[in-house]
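# Tertiary structure, described
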Amino acid sequence: LSHPHFSSMCQMTTEWILSAGAGAAALPWLHQRLQLSLAKHRSLAGHSRMAKRLARWLPGYSLDETRFFAADGADAALAARRRAGFMRLAERLQAMAPQGLALTAQARESLPDLQFTGRYRVPFPFSELARRHLPLPAFWASAEGVRLHDLDGNPCLDLTGSYGVNVFGVDFYKAVMAEGAELGAALGPVLGGYHPCVADNVARLRAISGMDAVSFHMSGTEAVMQAVRLARYHTGRKKIVRFCGAYHGWWEDVQPGPGNPMPPGQVLTLRDMAERSLRVLRQRRDIACVLVNPLQALHPNRNAPGDSTLMGGGRHSEPATREAYADWLRRLREVCTERGIALILDEVFVGFRLAPGGAQEYFGVPGDMVTYGKTLGGGLPVGVVCGRADWMRRYRPERPADVCFARGTFNAHPYVMGAMNAFLRRLETPEVGALYEGLDTRWRQRLRRFNAGLERAGLPVRMAGLSSIWTLNFDTPSRYHWMLQFYLREAGVALSWVGTGRFVFTLRHSEEDMQEVLRRVVRACEQMRHDGWWELPPGTRASDLRWQGLREMWRAL
Ligand code: PMP
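Residues numbered from 1 in each chain as written. Predicted model: local features only at pLDDT ≥ 70, side-chain atom pairs only at ≥ 80, totals over all residues. Heavy atoms only, no water.

## Overview of the overall build of the chain
Short version of the rule: Helical segments are the DSSP runs of H or I of at least four residues, strand segments are the runs of E of at least two, and each set is numbered from the N terminus. Put simply, the radius of gyration uses C-alpha atoms, and a globule should come to 2.2 Å times the residue count raised to 0.38. Three labels apply to residues, based on accessible area from a 1.4 Å probe with only protein chains included: buried if under 20% of the type maximum, exposed if over 50%, partly exposed otherwise in between. Working rule for contacts: check all heavy atoms of both residues, and any pair within 4.5 Å makes them a contact.
When you go through the chain residue by residue, the secondary structure sums to 22 helices and 14 strands. On C-alpha atoms alone, the chain measures out to a radius of gyration of 24 Å, which is about the 24 Å that the 2.2 N^0.38 rule sets for 557 residues. In terms of its C-alpha atoms, the chain occupies a principal-axis envelope of roughly 80 × 70 × 45 Å. Going through the 557 residues of the chain one by one, you find that 54% of them count as buried. A fraction of 77% describes how many contacts in the chain between residues 6 or more apart in sequence connect residues 24 or more apart.

## Re the pairing of strand E6 (residues 267-270)
Under the convention used in this document: Only strands that DSSP links by at least two bridges are regarded as paired with each other.
Burial of E6 is two-sided: the residues Val267 and Thr269 facing one way and the residues Leu268 and Leu270 facing the other way are all buried. Here four bridges tie strand E5 (residues 239-243) to E6, and the two strands are oriented parallel to one another. Residue pairing for E6: Arg242 is matched across the bridge by Thr269.

## Points about the packing of helix H19 (residues 439-456) against helix H21 (residues 511-530)
Short version of the rule: Helix axes are fitted to C-alpha atoms over the stretch in contact, other axes to C-alpha atoms as well, and angles between N-to-C directions run from 0 to 180 degrees. When describing relative orientation, an angle under 35 degrees is termed roughly parallel and one over 145 degrees roughly antiparallel, while 65 to 115 degrees is termed roughly perpendicular and anything else oblique. Throughout, a crossing is termed right-handed when the near helix is turned clockwise from the far one, and left-handed when it is turned anticlockwise from it by less than a right angle.
Packing of H19 against H21 leaves a shortest axis separation of 10 Å and a crossing angle of 30°. In terms of orientation, H19 lies roughly parallel with respect to H21. As for the relative orientation of H19 and H21, their crossing is right-handed in sense. Contact residues: H19 offers Arg442, Trp443, Arg446, Arg449, Phe450, Gly453 and Leu454, while H21 offers Glu511, Met514, Val517, Leu518, Val521 and Val522.

## Considerations on the packing of aromatic side chains
Going by this rule: Ring geometry is summarised as follows: Phe, Tyr and Trp rings, the Trp one being its six-membered ring, pair when their centres sit within 6.5 Å, and such pairs are stacked at plane angles under 30 degrees, edge-to-face over 60 and tilted between the two. Look at NZ for Lys and CZ for Arg. If either is within 6 Å of the ring centre and within 35 degrees of the ring normal, a charge sits over the ring.
Within this structure, the stated rule accounts for 29 aromatic pairs. When the centroid spacing of 5.1 Å and the interplanar angle of 75° are considered together, the rings of Phe172 and Tyr173 count as edge-to-face. With a relative accessible area of 8%, Phe172 lands in the buried category. The interplanar angle of 45° and the centroid separation of 5.4 Å between the aromatic rings of Trp443 and Phe505 together place this pair among those described as tilted. Of the two residues, Trp443 sits in helix H19 while Phe505 sits in the loop between strand E14 (503-504) and H21, which places them 62 residues apart along the sequence. Trp443 gets classed as buried once you look at its relative accessible area, which sits at 2%. Connected via pairs of aromatic rings, a cluster forms that spans Phe68, Phe69, Phe86, Phe126, Tyr480, Trp482, Phe486 and Trp533. When the ring centre of Tyr233 is taken as origin, the NZ or CZ atom of Arg396, which lies over that ring, is 4.1 Å away.

## A short note on the side chain of Thr540
The condition is simple: For this analysis, a polar contact is any N or O atom pair within 3.5 Å, provided that within protein one partner can donate a hydrogen and the other can accept it, and provided that sequence-adjacent residues contribute only side-chain to side-chain pairs.
Along the polypeptide, Thr540 turns up in the loop between H21 and helix H22 (542-556). Judged by its relative accessible area of 17%, Thr540 falls in the buried class. Of note is the side chain of Thr540, whose polar atom sits 2.5 Å from the backbone oxygen of Pro537.

## Topic: the site of the ligand
Just so we agree on the cut-off: If a single non-hydrogen atom of a residue is within 4 Å of a molecule or strand, that residue counts as near it. Residue burial considers only the protein chains on display, and all accessible areas are found by Shrake-Rupley using a 1.4 Å probe.
The immediate surroundings of the ligand are formed by Ser219, Gly220, Thr221, Tyr247, His248, Gly249, Asn293, Asp346, Val348, Phe349 and Lys374. Between Gly220 and the ligand, the recorded distance is 2.9 Å, taken from a backbone N or O atom to an oxygen atom. At 2.5 Å, a side-chain N or O of Thr221 approaches an oxygen atom of the ligand. Protein contacts shield 82% of the accessible area of the ligand, which totals 390 Å² for the unbound molecule.

## Observations regarding the pairing of strand E3 (residues 155-158)
On a regular strand, each side chain points to the face opposite its neighbour's, so the side chains alternate between the two faces of the sheet. Pairing between strand E2 (residues 147-149) and E3: three bridges, direction antiparallel. Each bridged residue has a counterpart across the sheet, and for Leu148 the counterpart in E3 is Cys156. Relative to strand E13 (residues 493-494), E3 runs parallel, the two being bridged by two bridges. The partner of Leu157 across the bridge, within E13, is Val493.

## What to know about helix H10 (residues 170-184)
What counts here: Here the expected length of a helix is defined as 1.5 Å per residue gap, with one fewer gap than residues. Arc, as used here, means the arc of the directions from the helix axis to the C-beta atoms.
Its 15 residues give H10 an end-to-end C-alpha distance of 21 Å, which sits within 8% of 21 Å, the value for a rise of 1.5 Å per residue. Among the residues of H10, those classed as buried are Val170, Phe172, Tyr173, Val176, Gly180 and Gly184. Along the axis of H10, the buried positions cluster into a sector of 145°, meaning they face one direction only. In this fold, the buried residues of H10 make contact with strand E1 (142-144), helix H17 (414-427) and helix H18 (430-436).

## Focus on the sheet that holds E1
Here four strands make up an open sheet; going across it, the order is E1-E2-E3-E13 and the pairing mixed. Here the strands that pair on one side only, and so sit at the sheet edges, are E1 and E13. Packing of H21 onto the sheet brings it into contact with E2, E3 and E13, and relative to E3 it is tilted by some 110°.

## A closer look at the confidence of the model for the chain
Low pLDDT marks regions whose predicted coordinates should not be analysed in detail. Note the following rule: Values of pLDDT, which run from 0 to 100, indicate the predictor's confidence residue by residue.
Scored by pLDDT, the chain comes out at a mean of 94, with 95% of its residues at no less than 70. Segment residues 1-10 is flagged for pLDDT under 50; beyond a separation of four residues in sequence, or across chains, it makes 11 contacts in the model.

## Here we look at helix H7 (residues 98-108)
Since one α-helical turn is 3.6 residues long, residues separated by three or four positions face the same way. If you check which residues of H7 are buried, you get Gly100, Leu101, Thr104 and Ala107. One face of H7 carries all of its buried residues, which in axial projection span an arc of 130°. Opposite the buried face of H7, at more than 90 degrees from it, the exposed residues are Gln99 and Gln106. Looking at the packing, one finds that the buried side of H7 touches helix H6 (76-96) and helix H8 (112-120).

Below, the structure written as structure tokens:
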């Protein structure tokens, strides 16, 4: 999704104009606009408006059965091998899960969410045939340990991580949810007044976050909305800064690109880990807050990796080192302090996963506000903002009508607060403490061992990881990498709908579990290789594959 020639030309032009100096200085608006252009990442992810325009223009088309297997120009023999592999896999997946697939087909009719994920788990030209032949069941019957069981009794290794909620294993959350329900039972659905455990939750969260005040919400999205609203309220400024590729929930302001029908509003998307972005923060006077999702250290400036975007070539995440990302956050911290900008660390995904004190502790940099969610609800839905008292206040005594409103019916629901309390108390047990000991070293070693196993098997894939969150990179060009998610499912590995872009482990995965994951990934990859998806017509390069995609689009237009 990058357009290097176009953007480097733009950059050269803007740099030239900037260096002309006099003109730019005489026109502060122009100068500011040019600085902003220079601070954008050159990929489409860094240019929301352009990405939206392209998305509106991109024609839909499907590869028919003949072209599906030879989209890269494969000869008849290779296409036939792929077809045979595809049909065998289709038969096997359908035979494995008759009940799950029947219920999925029935539910899909009235579940747009299922229609969406079913369609977008693979690149759109391949989607129709993949949906017809490789349907995956959307239902699970039960979970225990590191396994999920589908409706037909197939056990799968659970690497969905429940979108990151599952840090300590499903059994932990089952116990926490039961304890939370017991604690909240006497109040039931009483809302508005608090269950007494709320006071304890607040005290524990203050200690963990190092902040003064806490507010409760119902999802990570809502927590981010509230943190941003408070930043705007207290600074009197409108603009928010997010970094290229970072996810902060699905509400308007933080999703300026495709996916949101509204034009990018008051959000500036800047390049991650770049001096030029700091320059923008230093120079502008209209920035209320900077949002950071520390998960971006795994793939700075890139969108969350999903199989639907594997159109050609491969996927390559080059993670920042812990030291380099910490250094970036420190510099960001300094500029924000200097300019009175709120630094919001969005720890909805990484909180409680990287360290007991989350990314603030892991990278050693404090925010002004921190958002949490996912795992903190102990298995129930939640969003939380912790912040310094001056940022968190929702009124001004001297201007009584000028308030910052944020109240939701279900905020601080007794059951959720009960489960959160059980979760937070368990964090202090020696058993959970032991899971955090040597965590970073352990997961680095695991990643190294895993990749050594992939290398030994001579496979063209490698994992990149940020602690227990991993992503699969492909070292060879192919238009079919997305097929791997189906081979993985056959091998008994469950991933979320984004596919091989996210392998989310729990801290409870043992060394044996990791070995088992490796065995299954190797088995799936070997089958993938055997069926010819990683073979290319002689002389084909990654750029040829991208051109093939563009030519198909042109024809479709
Ligand atoms: N921020 C981050 C960093 C997230 O990872 C997510 C969820 N993936 C959100 C916000 C939104 O949270 P929710 O899905 O609970 O609304």
